[in-house]
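Listed here are the chains, written in short residue letters.
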Amino acid sequence: MYDDTIVAIATPPGEGGLGVVRLSGAQAWAIASRFFDGTLQNGRVVHGYVRDAEAGVVVDEVLVTAMAAPRTYTREDVVELTCHGSPVALQRVVALALRHGARMANPGEFTLRAFLNGRIDLAQAEAVLDVIQAKTEAGLRLAVGGLRGGLSERVSAVRTRLLDLHAYFTACIDFPEDEVESQIEIDPPAMLAEAASGLKRLLEHADAGMVYRHGVRTAIVGRPNVGKSSLLNRLLGEDRAIVTGLPGTTRDTVEEVANVRGIPFHLVDTAGMHEARDEVEHLGIQRSRKAVEQADLLLLVVDGSVPITEADRQVLALADGRPFLAVANKSDLAPAFDLDDVPSPAVRVSALTNEGLDDLTQAMAETVLGGGVHSDDAMLVTNPRHKAALERALAHVAAARHGLEAGTPEDLVTIDLAASLSALGEITGDGVTEELLDTIFQRFCIGK
Ligand SMILES: Nc1nc2c(ncn2[C@@H]2O[C@H](COP(=O)(O)OP(=O)(O)OP(=O)(O)O)[C@@H](O)[C@H]2O)c(=O)[nH]1
Ligand SMILES: [Mg+2]
C-alpha cells in the first residue's frame, strides 16, 4: 500500500532514561543499516552505535530491534532504536534516518498503516489512542478491551447478519422468478430483530463507556465561602486550590482531573457567585458562568450550617434541567435546614472532616452513569463517533423492519440495509472515506 518508509520518535518529548526512534516501511532495515554499525537480525536485540559518517561522530550507543514484515505493529518491516532518552540524540537519529531516505511520520501514521495493512480494524486503531490517553484504571481496562477487538467482534456479528440479508434480498430482486436458494437459513424478520437487539445492547452502555473514557466536566459552584475550594481539594486528595475564611478567595477558575470511582472528573472550582466588587471579581464570575455552561455535571454547593439565602437559591436554580448534585457542606457544624429544603439529589458533606465524602462520590458516579449495572464487557462503546454510527445503523434497521411489516418492496428495504451496513462500516473501517480516516488519525501524536 505504501512504498515509503516513515520515521518518528515514539517516546514522549523531554529527557528520560530511554527514548525510542521507530522506522516502518520496506526500506526500514536498509535505512537503519546506513547509520547503525551492528548487524540487524529479525526479532533480536542488537547492541551497537549510531554513527553520523558525514560529521564523523558517534551519536549514541543503542539497542536495536529489527522486525520483519508481516509480524510487526504495522505489518511492514520495522526497526526500533532504543537510545538514551536525550532529545538531542533522538533528533539526530531521526535526522539521520531522514537523510538516508525515510520520511517524517504523520500523527498516528504507524497505527494507520496497521489498519490499512489489515492487522487491526478501525475500532481497534482508535482504541490505541484510548489506551494511550486513559486517565484511570477503569478507562484503561475498557480501552484494552477495545484493542483486543471487543467492539469490532460485536459489530461484525451484526454486520454479517445484515450482509447475508442484503445478499438474499438482492438475489430476490435480480431473479424474481426463481426461488432463491441460500446456504444459510434466511428469516428476514428474525434476522432484523436480532440485529436490532445487538445494536441496542451496545448502545445501552455507551453513555457509561464514554463517561469512563472521556470523563465528566464538573463545575463546583456556589456563593463565596461555602467551601467549594475545600471540596475540590478533598476530591483531588491534595491542596490544589487556596482556601481561606475570606469570601472571594477564588478569583479565577481552577481545573484539575480527579479519579472518582474510576471515572475521570474534570473538576472546575469557580469564583463564588455574588455581586462583583471590582474588575477582577467581575471577570472571575464571568468565568464561573462559562464553566457552568460548559459543564456536564454541576455540584451546587451551599453552606449547610446557615439558613439558605437568596444567593443560594439562585445557585440552586442554575441546574435548569441539567445533571446536578446539591451539596450541603460543613456537616460537622449543626445543620441549619433540612436536606428536603434543597432540590434533590442532595448530599451532606464536610470538606473539613471528610464526613459524607463517600456518599458524595457515590452520588457523583450514579448521577453520571444514570444507574444500572455496567460491566466492563458491556461497555464496549466509548467513542461518540461510534455511538452516532450505531444509532444510525439502528434507525435504518428499524426502518427496514417497518418496511418488511408494511410490505414495502424488497429493493426499498435493501436501501435501508445498505445504509445500516455503511454506518457499521464506519466503526470497523470497511469502506471508510479518506476524509474520515484523516480526522480520526489527526488526533494521534506523532510516533504512534
Ligand atoms: N466547619 C467547616 N468549615 C469549612 C468546611 N469547608 C470549608 N470550610 C471553611 O470555609 C471557609 C471557606 O472555604 P473555601 O473552600 O475557601 O470556600 P470557597 O467556597 O472556595 O470560597 P470562595 O473561593 O471565596 O468562593 C474556610 O475557612 C474553610 O476552612 C467544612 O466542611 N466545615
Ligand atoms: Mg474558593
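Calculation criteria
Residues numbered from 1 in each chain as written. Chains lettered and ligands numbered in written order. Predicted model: local features only at pLDDT ≥ 70, side-chain atom pairs only at ≥ 80, totals over all residues. Heavy atoms only, no water. Pairing = 2+ DSSP bridges. Helix = DSSP H or I, 4+ residues; strand = E, 2+ residues; numbered from the N terminus. Axes fitted to C-alpha atoms, helices over the stretch in contact; angles between N-to-C directions. Contact = heavy atoms within 4.5 Å. Near = heavy atom within 4 Å. Polar contact = N/O pair within 3.5 Å; in protein donor to acceptor, adjacent residues only side chain to side chain. Areas by Shrake-Rupley, 256 points an atom, 1.4 Å probe, with all protein chains shown as cover. Nonpolar A, V, L, I, M, F, W, Y, C, P; charged D, E, K, R; others polar. Buried < 20%, exposed > 50% of the residue type's maximum accessible area, 1.4 Å probe, protein only. Domains from an automatic or database assignment. Buried area = accessible area lost by both parts, 1.4 Å probe. Salt bridge = Lys/Arg side-chain N within 4 Å of Asp/Glu carboxyl O. Parallel < 35°, antiparallel > 145°, perpendicular 65-115°, else oblique. Left-handed = near helix turned anticlockwise from the far one by under 90°.

Peer 1: Requested: an account of the sheet that holds strand β11 (residues 324–329), with residues and values cited.
Peer 2: The six strands lie next to each other as β8-β9-β7-β10-β11-β12, forming an open sheet whose pairing is mixed. In the strand order of this sheet, the two ends are held by β8 (254–260) and β12 (346–348), each with one partner. Along the sheet, successive strands turn relative to each other by an average axial angle of 25°, direction set aside. Here three bridges tie β11 to β12, and the two strands are oriented parallel to one another. Opposite Val327, over in β12, you have Val347 as the bridge partner. Helix α8 (residues 206–214) contacts β7 (216–221) and β9 (263–269) of the sheet and is inclined by roughly 65° relative to β9. Here helix α9 (residues 228–236) sits on the sheet and contacts β7, β8, β9, β10 (297–303) and β11; the angle it forms with β8, its principal contact strand, is near 40°.

Peer 1: Run through the site of ligand 1, naming residues and quoting values.
Peer 2: Around ligand 1 sit 23 residues in total, of which Lys228, Ser230, Gly248, Thr249 and Asp332 are the nearest. Asp332 has a polar side-chain atom sitting 2.7 Å from a nitrogen atom of ligand 1. Burial of ligand 1 by the protein amounts to 88% of the accessible area it has alone, namely 640 Å². Ranked by the residues each element gives to the shell around ligand 1, the list is headed by α9, at three residues. Its residues assigned to classes, the shell around ligand 1 shows eight nonpolar, twelve polar and three charged.

Peer 1: Please provide a residue-by-residue account of the sheet that holds strand β1 (residues 6–9), values included.
Peer 2: Strand order in this open sheet of six strands is β3-β4-β5-β2-β1-β6, and the pairing throughout is mixed. The outermost strands of the open sheet, each flanked by one partner alone, are β3 (45–52) and β6 (103–104). The sheet contact formed by strand β4 (residues 57–67) and strand β5 (residues 78–85) spans five bridges and is antiparallel. Bridge pairing in β5 places Thr65 opposite Glu80. On top of the sheet, helix α1 (residues 28–35) reaches β2 (16–24), β3, β4 and β5; it is set at about 35° to β5, its chief contact. Along the sheet, helix α3 (residues 109–116) makes contact with β1, β2 and β6, crossing β1 at roughly 135°.

Peer 1: Give me the lowdown on unusual backbone geometry, citing residues and values where you can.
Peer 2: The peptide bond linking Ala69 to Pro70 adopts the cis configuration, its omega dihedral lying at 5°. Locating Pro70 in the fold gives a position in the loop between β4 and β5. Along the chain, Ser344 connects to Pro345 via a cis peptide bond; the corresponding omega equals 0°. Tracing the sequence through the fold places Pro345 in the loop between β11 and β12. Residue Arg261 is not a glycine yet carries a positive backbone phi of 55°. Structurally, Arg261 is set in the loop between β8 and β9. Note on Arg261: relative accessible area 41%, which makes it partly exposed. In this structure, Asn354 takes a positive phi of about 80° despite not being glycine. Position of Asn354 relative to the elements: it lies in the loop between β12 and α12 (357–369).

Peer 1: If you had to explain the domain arrangement of the protein chain to someone new, which residues and values would you point to?
Peer 2: It is common to report an interface's size as the accessible area lost on association of the parts. The domains assigned to the protein chain are domain 1 (6–120), domain 2 (125–205 + 379–429) and domain 3 (214–369). Placing a centre on the C-alpha atoms of domain 1 and another on those of domain 2 gives a separation of 39 Å. The interface is formed by four residues belonging to domain 1 together with four residues belonging to domain 2. When the two sides are added together, the surface that domain 1 and domain 2 hide from each other amounts to roughly 290 Å², 74% of it contributed by carbon and sulfur. It is Thr111, Phe115 and Ile120 in domain 1 that bury the most area against domain 2; as a group they hold 85% of the surface buried on that side. Where domain 1 packs against domain 2, one counts zero salt bridges.

Peer 1: Residues and numbers for the pairing of β8, please.
Peer 2: Where β8 meets β9, seven bridges bridge the pair, whose relative direction is antiparallel. What sits directly across from Val254, in β9, is Asp269. The turn joining β8 and β9, which pair antiparallel and follow one another in sequence, is formed by two residues; a positive phi near 55° is taken by Arg261.

Peer 1: Could you give an account of the packing of helix α4 (residues 122–133) against helix α15 (residues 434–441), with specific residues and numbers?
Peer 2: Close contact between α4 and α15 brings their axes to 11 Å; oriented N to C, the two are set at 20°. It follows that α4 is roughly parallel to α15 by the angle criterion. Crossing hand, α4 versus α15: right-handed. Residue-level inspection shows Leu122, Ala125 and Glu126 of α4 in contact with α15, the latter providing Leu437, Ile440 and Phe441.

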